[in-house]
There are 2 protein chains.
Amino acid sequence: MKGDVEDAYRLLHPRPVVLICAGEKPNVMACSWITPVCDEPFMLAVAIWKENYTYDIIEKTNEFTVNVPPPELVNSVWIAGTKSGRELDKISVCKLKVSRAKKVKTYVLDDCLANMECIVEKKVEAGDHVVYISKVLESYADSTAFSKVWKKDILLHLGGRDFVVFGKKIQPTIEK
Amino acid sequence: MKGDVEDAYRLLHPRPVVLICAGEKPNVMACSWITPVCDEPFMLAVAIWKENYTYDIIEKTNEFTVNVPPPELVNSVWIAGTKSGRELDKISVCKLKVSRAKKVKTYVLDDCLANMECIVEKKVEAGDHVVYISKVLESYADSTAFSKVWKKDILLHLGGRDFVVFGKKIQPTIEK
C-alpha cells in the first residue's frame, strides 16, 4: 500500500556524499545533491543552498572542486555538512590535507579517493537552492580504489546521521 | 597514487537508478543522472540525452514520473536503459503494470517502490544532454519500504551491467 511520504527528497537517496571545496582560503562543505549531466565532455550539476557560505564563494569565483571521501572520513563529512565556514575553519578542525588544484584557483583534498576540478558554465535557481551546471576540467582518482567503476567503498548518504557503503552486486540475467 | 580516470562520470556513482515514465502512450527509460535540488518545495534535476525518445516526449508534454524500482526489476531496468521506445513497447515487453498518475498526464509504475509526479519548470542544455529542473507535485511510496529513509533495498547503478544494493550502515561518532 502506497502513501504520502515525509522527507520525500530522500526517495532519491542513498547517494554519494562529496566534499565541495571552494575559495582561495579554502572552505569545505558536504553535499550529496550532485549528478553527472553529460559524459562527453564530463559535466555535473550540483545544488547548493543559498544560505551556505560555499554559495557566496562560488558566486564570486565560479570554481570549485568535488572530492570523494572514503568511509573513514565520516566524521569530517558530518562536520563539513553541519557547521558553517563562516564560523569555523572546517579544513583545520577536520585536519584535512589540501593541495592546490591544477586548473582552478582553489584546493583539492588529499585524503579523498578522487578529485574533480570544476568551472561553472550555467546556473539555475531552484527554490532556495542554486543548481550549478559545471564542466569538469580535470579528474583523478586513487587507482587502487577506482578503475572504470569503484572497487573500494565510498560513503553514500541515506538521510540524517545515516550513511551506508554499497553492498551486494546485482547484474541483469539477460543480454544487452 | 592518483591518476587520470576513464569513465570519470562514474566517480559520482553508485546512485539510485529510476524509471522515467512519460507520454500519453507511456514509455519508460532507465536513468540515474537525477538529484534532488530543493526540499521545500521538493524539486529535482534530471539529465536526459537528446537522442532519447523520452527527450522527444518531455519536450512536448513537460511532464513525467520518476519511479524507484526494487532490485527484482533489474532486468526491466536493463531493457529500459538499453532499448529505445521508438522500436519497442518496453512497458509491454517488461510486463510492467501502470496506473494513471494523479497530477500529470502520464502513468506511474505499480511495481515500483515509490513514484514521483513531476512537471518541468526550467531546462538547461549541458553538452548533448538537457537538464530538466522539475517540481515534484506528488510523491508516494510503499510504507513498508520507505519511512523517512529507505528501509528496503533499492537498486543503485555502479556502471555498465553492475548494479548494487546498499550495505553496512555507518554513523558519525560525534554529536552534531
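Position numbers for residues start from 1 in each chain and track the written sequence from start to end. Chains carry letters and ligands carry numbers; both start at the beginning, A for chains and 1 for ligands, and go up in the order they are written. Predicted model: local features are reported for residues with pLDDT of at least 70 only, side-chain atom pairs are reported and counted for 80 or more only, and whole-chain, interface and lining totals are derived from all residues. To obtain the side-chain values, all non-hydrogen atoms of the structure were included, while hydrogens and water were left out.

1. Things to note about a negative patch on the surface
- Surface patches are drawn from residues lacking salt bridges whose relative accessible area is over 30%; two like charges belong together within 9 Å, two nonpolar side chains (Val, Leu, Ile, Met, Phe, Trp, Tyr) within 5 Å. All accessible-area figures derive from a Shrake-Rupley calculation using a 1.4 Å probe, and residue coverage is judged against the displayed protein chains alone. The term salt bridge refers to a pairing of a side-chain nitrogen on Lys or Arg with a carboxyl oxygen on Asp or Glu at a separation within 4 Å. In this tally, Lys and Arg are treated as positive and Asp and Glu as negative; His is ignored, and so are the chain termini. A charged residue contributes its charge at one atom only: NZ of Lys, CZ of Arg, CG of Asp or CD of Glu. A contiguous patch of negative charge on the surface is contributed by Asp39 and Glu40 of chain A together with Glu51 and Asp128 of chain B.
- Helix and strand definitions here come from DSSP, where helices need a minimum of 4 consecutive H or I residues and strands a minimum of 2 consecutive E residues; each element is numbered from the N-terminal end. Following the sequence through the fold, Glu40 of chain A ends up in the loop between strand E5 (34-39) and strand E6 (42-49).
- Overall, Glu40 of chain A belongs to the exposed group, its relative accessible area being 65%. Working definition: with a 1.4 Å probe on protein chains only, accessible area under 20% of the residue-type maximum means buried, over 50% means exposed, and in between means partly exposed.

2. Considerations on the interface of chain B and chain A
- Contacts were defined at the residue level, with two residues in contact if any of their heavy atoms lie within 4.5 Å. With 85 residues of chain B at the interface, the matching set in chain A holds 85 residues.
- The buried area of a pairing is the accessible area, by a 1.4 Å probe, that goes missing from both parts when the two are put together, added over both. Interface area for chain B against chain A, summed over the two sides, is near 7500 Å², with a carbon-plus-sulfur share of 65%.
- Area buried by chain B at its contact with chain A is led by Lys2, Leu11 and Leu12 of chain B, which between them contribute 10% of it.
- Linking chain B with chain A are four salt bridges, by the criterion used here.
- One salt bridge in this structure joins Lys169 of chain A and Asp162 of chain B, with 3.7 Å as the shortest N-O distance.
- Here the element with the most residues in the side of chain B that touches chain A is strand E15 (residues 162-170) of chain B; it accounts for nine residues.

3. Remarks on helix H2 (residues 74-82) of chain B
- Of all the positions in H2 of chain B, only Val74, Ser76, Val77, Trp78, Ile79 and Ala80 of chain B are classed as buried.
- Those residues of H2 of chain B that are buried are in contact with strand E15 (162-170) of chain A together with strand E3 (18-22), strand E4 (27-31), helix H3 (90-93) and E15 of chain B.

4. Comments concerning the relation of the copies chain B and chain A
- We superpose the copies by least squares over the C-alpha atoms of residues that have a pLDDT of at least 70 in both of them. Screw-axis analysis of chain B against chain A gives a translation of 0.0 Å along the axis, an RMSD of 0.0 Å, and a rotation angle of 180°. Considering both components of the superposition, the chain copies are consistent with a two-fold axis.
- An overlap of 100% is found between the interface residues of chain B and their copies at the interface of chain A, pointing to a shared contact surface.

5. As for the pairing of strand E7 (residues 63-68) of chain B
All names here are of chain B.
- The element E7 is extensively covered by neighbouring structure, given that six of its six residues are classed as buried.
- The side-chain alternation of E7 yields two buried faces, one formed by Glu63, Thr65 and Asn67 and the other by Phe64, Val66 and Val68.
- The pairing criterion is simple: DSSP has to find at least two bridges between the two strands. Summarising the sheet, E3 and E7 pair through three bridges and their orientation is antiparallel. Counted as the bridge partner of Ile20 is Val66 from E7.

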